[in-house]
Amino acid sequence: MDFLLENVYIDAGFQHLCESVFVRLCQIVGTSVQVAIRRETKDIAEMVKRRVEDDDVSVMESGSIREGFRLKGSDIDYMYWPNDHRVIFDMSQSEHYYTEDKTLILSESSESPPGFTLLELLTPTPYREVQSACVPMNDRFYISCSLYRQQTQTHQFPGSIGHGPCESGEVGGLEYDLARCFACDFWPLAASYWINRCHSWPNREVVNKIVRNGCHFVPIGHPLGLHEHEEWRISFSQAEHKLVHSMNHCQFLTYGLLKIFLKEVIDKQLAETNKLLCSYHMKTVIFWVIQQNAVPLWCPQNLLAGFWVCFKLLLQWVYEGVCPNFFIPENNLFLSKVHGSAQKKLFLELHGLYEKGLVCLLQSPSIKSYITYVLYNPRLSICTIEDRMISECDHDKELFNEIDRNTSYFPQNLDHCIKYLHTIELMIGEPLTQYQVLMLQRSTANILQSTAFTLHNTYTNTGRNKQMYIADRMSCHMLKLAAKFGFISDMMYIAMFYCKTFRFREAMYITEMIKVKLAQPGLMYKVYVDSERYTEAVGGQSMSTKMRQAVAHDIKLNVHTCYINELRPEQQSVSQSISDFLRIPLFVVLHFVELLCYRHIDTTLAQTALEELQALVHHDQGLLYDLDRDISWEILGICQQITGNLNAALHSYQQSLTQYPLHKLQNVTLMRIQDLHIT
């Protein structure tokens, strides 16, 4: 194996091994097409929101998931910052702002370690959280990072804790970090040399975009700084995800392999020191290796050579106790972490892996079987053509799940609805990829649904019959239009509208149509699909046709408007959390609407609908995720209460309280239980 490493560019056996790992990483991390789907759908979602929303607070997703990973344990990071606050690096930059509209903050880094700074509040702030975090120093007021963290941590989810500058926790097995920060429209002087370093990577266009977007400041000080509790760290999260997106696929897979190696080999073997290295160090390593042209050719046949160069650089950094930040090299990411006896132990352990050569990858359960199979079958033909690595069904499942994940627009009023629709109309004329076209198609359906219900609620009970009639016709038209180019599940909004407007038989006609479509063998419901039958049913057809005829997802109710009167308390409860929508499993909504309608038409069929809902919630057979159960039990309790079975309703509400409180329903559930006792 060592001999192979010395001849990585000419040895056919080594290239064969690299190809096998490339194929395996495409299965774990994703092919270039899958990664493009994840990124492009998110890009278009952010573009729509950025053009429409004028909220006081901006939100940016970062972290592994935003980069395009879907590895087990990948985290999702959100950064929040007030739009009317801006950081500047010198007073001349204040000329770019109207101080009546913006609160200005001055970065003062003369006494701070590289990459860190004090933030001086220059103009008054309307926010109590910012004002309360200010501390006097040298006759000036500085925003204390530690006080700001205390003021802004919301503990939205149970078990959340402070972790560095973030509020961290886990929801349904997904780790998250929420960081409250400040934005700056300028590139920091401390990182100016980075611009000159970018000769070959990234290209000039990417560099210019990164510099134009500025940076952020997150509330964490350097443990060895003079003002640890007041200092803020300069964050390049936005720049980093642009850098990751500019990697070619082999580079991205190598980054993925480094993350897997850290988790499955380094962390497992180095139990005592596994807190010293993190995924961010792996990202920093590959950034430096790519920029320094340490690997002449990034391709499948050379993948392990790229990995090995990265590992050797990491080993060198641990030996020296220096991990230079990619943008501000003077900021040593190992400082105060990798030093002394822990550093020595970490180096010895990593050097032990280095001495084994690439055999050390055999300690990774995810990679081992593929390496050993190729070593025992050296004549095995390996296809690195990505189009052949993923089936049509798996491709479509990736695409439709990402589209559903990223089309959650919930306008707050009719004007907001119109603004969304106008924005999407303008974007249709722009150059778009096929995935982004589908995103806009699904987004349009999403906005039309919110608009239809908002319009109806606006003109209901106005006493103007003509306006109500026109609004009703327009709402029906929009919902039917949305169903023509949305998912199968988008038909459910028509049924809900008919139920809300007392057209119960029309609603039941729609639910029967939905049930027929959901019963087809090739249905793709979230991640559940029979790939063979799906391919038989819609294989080879356009993505738009597949979306309309074979794909269904959960129902999302905009908390700013009413869809089902019986669920209004739950929607209001959710609106008090960070979410703008109430997500309910499609089959739960289907049986719920059936019961609401049939109780006015046929009590026997109403009882049947209740029994089907009860069977679903008690024995869901995989159709409900764990995170769906609080709202599912809640709706079952509502149905049981409506039909007069109060004991069963009490049991269901109590079950809802024992589930993971994703939808923040505890208070409304307790209120419903109290109503039962009063009754």
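Before reading on, note that the structure itself is shown above.
Residues numbered from 1 in each chain as written. Predicted model: local features only at pLDDT ≥ 70, side-chain atom pairs only at ≥ 80, totals over all residues. Heavy atoms only, no water.

Colleague: I keep staring at the overall build of the protein chain and nothing clicks. Help me out?
Modeller: When helices and strands are counted, the protein chain shows 28 helices and 18 strands. Here the C-alpha atoms of the protein chain give a radius of gyration of 28 Å, agreeing with the 26 Å that 2.2 N^0.38 yields for 679 residues. Partitioning the intrachain contacts of the protein chain with sequence separation of at least 6 by distance along the chain shows that 69% fall at a separation of at least 24. Of the roughly 30000 Å² of accessible surface on the protein chain, 51% is carried by carbon and sulfur atoms. Seen as two clouds, the 60 positive and the 74 negative side-chain charges of the protein chain have centres 4 Å apart. (Helix = DSSP H or I, 4+ residues; strand = E, 2+ residues; numbered from the N terminus. Rg over C-alpha atoms; globule rule 2.2 N^0.38 Å. Contact = heavy atoms within 4.5 Å. Areas by Shrake-Rupley, 256 points an atom, 1.4 Å probe, with all protein chains shown as cover. Lys, Arg positive; Asp, Glu negative; His and termini not counted. Charge placed at Lys NZ, Arg CZ, Asp CG, Glu CD.)

Colleague: I would appreciate a short explanation of the environment of Asp472 in the present structure.
Modeller: Here Asp472 is to be found in helix 18 (residues 465–485). We classify Asp472 as buried; its relative accessible area is 17%. Between the C-alpha atom of Asp472 and that of Gly429, which follows or precedes it by 43 residues, the distance is 30 Å. Other than its neighbours up to four places away in sequence, Asp472 contacts Phe497, Thr501 and Arg503. (Buried < 20%, exposed > 50% of the residue type's maximum accessible area, 1.4 Å probe, protein only.)

Colleague: Please clarify how the side chain of Asn325 should be interpreted in this entry.
Modeller: Topologically, Asn325 is positioned in the loop between helix 12 (303–320) and helix 13 (340–355). Engagement of the side chain of Asn325 in a polar contact is seen with the backbone nitrogen of Ile328, the distance being 2.9 Å. Those residues in contact with Asn325, other than ones at most four positions away along the chain, are Phe236, Tyr280, Trp288, Asn331 and Leu333. (Polar contact = N/O pair within 3.5 Å; in protein donor to acceptor, adjacent residues only side chain to side chain.)

Colleague: Just checking my understanding: could you explain the sheet that holds strand 8 (residues 161–163) for this structure?
Modeller: The strands making up a sheet are joined through hydrogen bonds of the backbone, oriented either antiparallel or parallel. An order of 1-2-10-9-8 is seen for the 5 strands of this open sheet, with the pairing classed as mixed. The strands lining the two open edges of the sheet, one partner per strand, are strand 1 (57–62) and strand 8. Adjacent strand axes in the sheet meet at a mean angle of 30 degrees when their direction is disregarded. Where strand 1 lies against strand 2 (residues 76–82), 6 bridges are found, and the strand directions are antiparallel. Paired with Met60 across the strands is Met79, a residue of strand 2. (Pairing = 2+ DSSP bridges. Axes fitted to C-alpha atoms, helices over the stretch in contact; angles between N-to-C directions.)

Colleague: Explanation requested: a nonpolar patch on the surface in the structure shown.
Modeller: A contiguous nonpolar surface patch, about 310 Å² in accessible area, is contributed by Tyr469, Ile470 and Met474. Here Met474 is to be found in helix 18. (Patch = residues over 30% accessible without salt bridge, like charges linked within 9 Å, V, L, I, M, F, W, Y side chains within 5 Å. Salt bridge = Lys/Arg side-chain N within 4 Å of Asp/Glu carboxyl O.)

Colleague: I'm lost on the nonpolar core in this one. Help?
Modeller: Inside soluble globular proteins, nonpolar side chains tend to come together where they are buried. Membership of the largest hydrophobic core comes to 99 residues, with the highest contact counts inside it found for Ile143, Leu304, Phe327 and Leu350. Broken down by element, the residue count for this core peaks at 12 residues, all from helix 12. If you look at the next biggest cluster of nonpolar residues, it comprises 70 residues, including Ala483, Leu557, Val593 and Leu616. (Core = buried A, V, L, I, M, F, W, Y, C linked by side-chain atoms within 4.5 Å.)

Colleague: What am I meant to see in helix 23 (residues 568–575) here?
Modeller: For the α-helix, the turn length of 3.6 residues means that residues three or four positions removed from each other point alike. When helix 23 is considered as a whole, its buried residues turn out to be Glu570, Gln571, Ser573 and Val574. Along the long axis of helix 23, the arc covered by the buried residues comes to 160 degrees, so they all point the same way. Those residues of helix 23 that are buried lie in contact with strand 17 (555–558), strand 18 (581–584), helix 26 (629–642) and helix 28 (666–678). (Arc of directions from axis to C-beta.)

Colleague: What exactly am I supposed to notice about the pattern of salt bridges here?
Modeller: Side chains carrying opposite charge are able to pair once their charged atoms draw close together. Taken as a whole and judged by the stated rule, the model has 27 salt bridges. Taking the shortest distance from any N to any O, the salt bridge between Glu61 and Arg405 comes out at 3.1 Å. Here Glu61, found in strand 1, pairs with Arg405, found in helix 15 (residues 392–406); they are 344 residues apart in sequence, far enough to count as distant. Among the residues examined, Glu61 registers a relative accessible area of 2% and is labelled buried. Of the charged contacts, one joins Arg503 and Asp472 as a salt bridge, the two residues approaching to 2.6 Å between their closest N and O atoms. Highlighted residues: Arg503 in the loop between helix 19 (492–500) and helix 20 (504–518) and Asp472 in helix 18, separated in sequence by 31 residues. Salt bridges here are not isolated pairs; linked through shared partners, they connect Lys526, Asp554, Arg583 and Asp628.

Colleague: So what exactly am I meant to see when it comes to the sheet that holds strand 15 (residues 528–529) here?
Modeller: Strand order in the open sheet made by the 3 strands is 15-14-16, with mixed pairing throughout. The sheet is open, and its two edges are formed by strand 15 and strand 16 (551–552), each paired on a single side.

Colleague: Is there a simple way to think about the packing of helix 11 (residues 279–291) against helix 12 in this case?
Modeller: Pairs of packed helices are described in terms of their axes, by the angle between the two and the distance that separates them. As a packed pair, helix 11 and helix 12 sit with axes 9 Å apart at the nearest point and diverge in direction by 115 degrees. On the basis of the axis angle, helix 11 is roughly perpendicular to helix 12. Considering how the two elements wind past one another, helix 11 and helix 12 form a crossing that is right-handed. From helix 11, His281, Met282, Thr284, Val285, Ile286, Trp288 and Val289 reach across to helix 12, where they touch Val309, Cys310, Leu313, Leu314 and Trp317. Across the contact of helix 11 with helix 12, the residue classes break down as 10 nonpolar, 2 polar and no charged. (Parallel < 35°, antiparallel > 145°, perpendicular 65-115°, else oblique. Left-handed = near helix turned anticlockwise from the far one by under 90°. Nonpolar A, V, L, I, M, F, W, Y, C, P; charged D, E, K, R; others polar.)

Colleague: Would you mind showing me how to read the packing of helix 17 (residues 434–459) against helix 22 (residues 543–550) here?
Modeller: Between helix 17 and helix 22, whose axes approach to 10 Å, the crossing angle comes to 35 degrees. Helix 22 is crossed by helix 17, and the crossing has right-handed handedness. The residues of helix 22 that touch helix 17, namely those facing Leu438, Gln441 and Arg442, are Met543, Ser544 and Met547. Each residue belonging to the contact of helix 17 with helix 22 can be placed in one class, and the counts come to 3 nonpolar, 2 polar and 1 charged.

Colleague: What am I meant to see in a negative patch on the surface here?
Modeller: Side chains of Glu53, Asp54, Asp55, Asp56 and Asp580 sit close together on the surface and give a patch of like negative charge. Locating Asp580 in the fold gives a position in the loop between helix 23 and strand 18. Of the residues examined, Asp580 reaches a relative accessible area of 38% and is grouped as partly exposed.

Colleague: Would you take a moment to explain the pairing of strand 2 for this structure?
Modeller: Working note: regular strand, side chains alternate between the two faces of the sheet. Counting buried residues along strand 2, 6 of its 7 residues qualify, which places the element largely inside the surrounding structure. As defined by bridge partners, strand 2 adjoins strand 10 (residues 174–180) across 5 bridges and the pair is classed as parallel. Residue pairing in the sheet places Met79 in a bridge with Ala179 of strand 10.

Colleague: Could you clarify how one ought to interpret the side chain of Thr41 in this entry?
Modeller: Structurally, Thr41 is set in helix 3 (residues 32–52). Owing to a relative accessible area of 0%, Thr41 belongs among the buried residues under this scheme. A polar atom in the side chain of Thr41 sits 2.7 Å from the backbone oxygen of Ile37. Setting aside chain neighbours within four positions, we find Thr41 in contact with Glu402, Ile403, Asn406 and Met439.

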